[in-house]
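So the chains spell out like this:
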Amino acid sequence: MSATFAVVVSGLLGACIGSFLNVVIWRVPRGKSVADGRSHCPKCGHLIRWHDNLPVLSWLLLRARCRDCRAPISARYPFVEALTAALFVLVALRHPFPAGTAVAVAHAILLSALVVVAFVDVDRREIPDAISKPGIVVGMLASLLVLALHADAFPALANRHLASLLASAVGVATGAGVLLAVRWLGRLAMGKEAMGLGDVKLLAMVGAFVGAGDVMMVLLVASVGGSVFGGLFVAGRGRSLAPLTGTLALDGRAAVPFARARVRAPRRAPLTVAALVPAAAASGLGQGARAALSVVLPGASVWSDDGKDVPVAVTGVVERVEAHDGGTLVTVRPEPLSDADDEWLSTFALHRISIPFGVFLALGAAAIVLFGPEIRHFVLVTWPRFVTGR
Ligand SMILES: [Zn+2]
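These numbers come from a predicted model, not from an experiment.

Engineer: Teacher, can you tell me more about the pairing of strand E7 (residues 327–334) here?
Structural biologist: Two faces belong to every sheet, and in a regular strand the side chains alternate between them. In this structure, strand E4 (residues 272–277) lies alongside E7, joined through five bridges in antiparallel fashion. For Ala274, the partnering residue across the bridge sits in E7 and is Thr331. Examined bridge by bridge, strand E6 (residues 310–324) and E7 share eight bridges and lie antiparallel to one another. Pairing of Arg320 across the sheet is with Thr331, part of E7. With antiparallel pairing between neighbouring strands as the criterion, E6 and E7 make up a hairpin whose turn holds two residues, including Asp325 at a positive phi of roughly 55 degrees.

Engineer: What's the story with the sheet that holds strand E3 (residues 261–264) in this structure? I'm lost.
Structural biologist: To summarise the sheet geometry, strands pair through backbone hydrogen bonds and adopt either a parallel or an antiparallel arrangement. On the basis of which strands lie adjacent, the open sheet formed by seven strands has the order E2-E1-E5-E6-E7-E4-E3 and antiparallel pairing. Each end of this open sheet is capped by a strand with a single partner; those strands are strand E2 (256–258) and E3. Here the average twist between neighbouring strands, direction ignored, is 30 degrees.

Engineer: What is the right way to read the packing of helix H4 (residues 101–124) against helix H5 (residues 129–145) from this model?
Structural biologist: Helix packing for two helices is described by the angle between their axes and how far apart those axes are. The geometry of H4 relative to H5 is characterised by a closest axis approach of 11 Å and an angle of 170 degrees between their N-to-C directions. Relative to H5, the element H4 lies roughly antiparallel. Residues Ala106, Ile109, Leu110, Ala113, Val116 and Val117 of H4 form the contact with H5, whose participating residues are Ile131, Gly135, Val138, Gly139 and Ala142. Of the residues contributing to the contact of H4 with H5, the split by class is nine nonpolar, two polar and no charged.

Engineer: How do you make sense of helix H6 (residues 160–190) when you look at a structure like this?
Structural biologist: It helps to recall that an α-helix has 3.6 residues per turn; residues three or four apart then point in one direction. With 31 residues, H6 should reach 45 Å at 1.5 Å per residue; the first-to-last C-alpha distance of 44 Å fits that figure. Taken together, the buried positions of H6 are Ala163, Ser164, Leu165, Ala167, Ser168, Val170, Gly171, Val172, Thr174, Gly175, Ala176 and Leu179. Where H6 is buried, its residues contact H5 and helix H7 (197–239).

Engineer: For this particular structure, what's the right way to read the domain arrangement of the protein?
Structural biologist: Often, the extent of an interface is quoted as the loss of accessible area on bringing the components together. Domains assigned within the protein are domain 1 (1–99), domain 2 (126–239 + 370–390) and domain 3 (245–353). Taking only C-alpha atoms, the centre of domain 1 and the centre of domain 3 are 38 Å apart.

Engineer: Can you walk me through the environment of Gly236 in this structure?
Structural biologist: Relative to the assigned elements, Gly236 resides in helix H7. A count of 10 C-beta atoms within 10 Å places Gly236 in the exposed class.

Engineer: Explain the confidence of the model for the protein here, please?
Structural biologist: Caution applies to low-pLDDT regions: their predicted coordinates should not be interpreted in detail. Looking at the protein as a whole, the pLDDT averages 90, with 98% of positions reaching at least 70. Element-level mean pLDDT values for the protein span from 86 in helix H8 (residues 339–353) up to 97 in H5.

Engineer: Whenever I open this one, the packing of H7 against helix H9 (residues 357–388) confuses me. Can you help?
Structural biologist: Between H7 and H9, the shortest axis-to-axis distance is 6 Å and the interhelical angle comes to 100 degrees. Comparing the axis directions of H7 and H9 gives the class roughly perpendicular. Taken together, the residues that form the contact of H7 with H9 break down as 19 nonpolar, seven polar and three charged.

Engineer: Explain the pairing of strand E1 (residues 245–250) to me, please; I cannot follow it from the model alone.
Structural biologist: On E1, burial follows the alternation: Gly246, Leu248 and Leu250 on one face are buried, whereas Thr245, Thr247 and Ala249 on the facing-out side are not. In terms of strand pairing, E1 meets strand E5 (residues 290–297) through six bridges, oriented antiparallel. When the sheet's bridge partners are listed, Ala249 is paired in E5 with Ala292. Pairing geometry for E1 and E2, over three bridges, is antiparallel. Directly across from Gly246, in E2, lies its bridge partner Phe258. Between the end of E1 and the start of E2, which pair antiparallel, lie five residues, with Asp251 showing a positive phi angle near 45 degrees.

What counts and what doesn't
- Residues numbered from 1 in each chain as written.
- Predicted model: local features only at pLDDT ≥ 70, side-chain atom pairs only at ≥ 80, totals over all residues.
- Pairing = 2+ DSSP bridges.
- Helix = DSSP H or I, 4+ residues; strand = E, 2+ residues; numbered from the N terminus.
- Axes fitted to C-alpha atoms, helices over the stretch in contact; angles between N-to-C directions.
- Parallel < 35°, antiparallel > 145°, perpendicular 65-115°, else oblique.
- Contact = placed C-beta atoms within 7 Å.
- Nonpolar A, V, L, I, M, F, W, Y, C, P; charged D, E, K, R; others polar.
- Expected span 1.5 Å × (residues − 1).
- Buried ≥ 20, exposed ≤ 12 C-beta atoms within 10 Å, placed from the backbone.
- Domains from an automatic or database assignment.
- pLDDT = per-residue confidence, 0-100.

Below you can see the structure in the form of structure tokens.
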């Protein structure tokens, strides 16, 4: 097998693994087994035929619809498949066949785990233990077997397998330790939890594969990325409407259903709920109209204990009526609101604009795995020279 052929094989393999990762991303946060039978259409329940399950290709041939019920299939499925294929190709180019294959396989495993973590974190603001905990063990085992993962570790140690395993263990401790310290400082400074334990376990997993030095590089890249893009993300999310279902009744009229809404909980102003309804439902109404609103907050987006959805009913007055996206956006200021409902709505608003830091950790880790030498050179040589003007 030539090195070029190995790259092509890696791409095809990556697309197939990506198809499997789609299943993992959907099933793992729901506590379902990934080995549990074949995939069904989530809408109509039909078994997906093997020839409709080819990575990327089937989505294009089916024109993004289920063959049985014509329900749209999200573009995320082919995206994850294409992304995983691209990552596998980059890894194969970085570590050519045959000498680099052992490192390439270890890195491909880590990148696959990172793809799952990133998408689950975007969806549910949680990092699945089912990925990060076994990931730590796999990373340490890989280090024990593949010496090239930590080639320069502990040069004084004659037993290179032991040196590599030690480097991996120090990576785990550094990844977990540094984020535990950040978490502890955050609690001191803000009096609340700044970071979940999921992020701690994620960086520990990354450390098992890349070691202590690179785990700090990952944290650096993730923090810079998180501050820049996280800010933009929060600004965009705060304004956009969330997919929230419920009903809105105005001035004693019949309640109309809505599918998109926004909850805002500014620090010094009262909380508001805005729902997008058909223009006819709010015609002739303005500020001060009475409003009765019921809304279902998805369990995952309010961190409810049992994961169940939380229904909230509020009555109040209309604060604003504005044309929006072909309908009318009605902003309601609730009055009075029970402490519990206030808490649920505030939590939803907070969740909506909280930064999925795990995504940035995953991106940072992928960047170090793929472009480690270039990033290290930039951080340790180019940047200091630029700053000191030498
Ligand atoms: Zn279907």
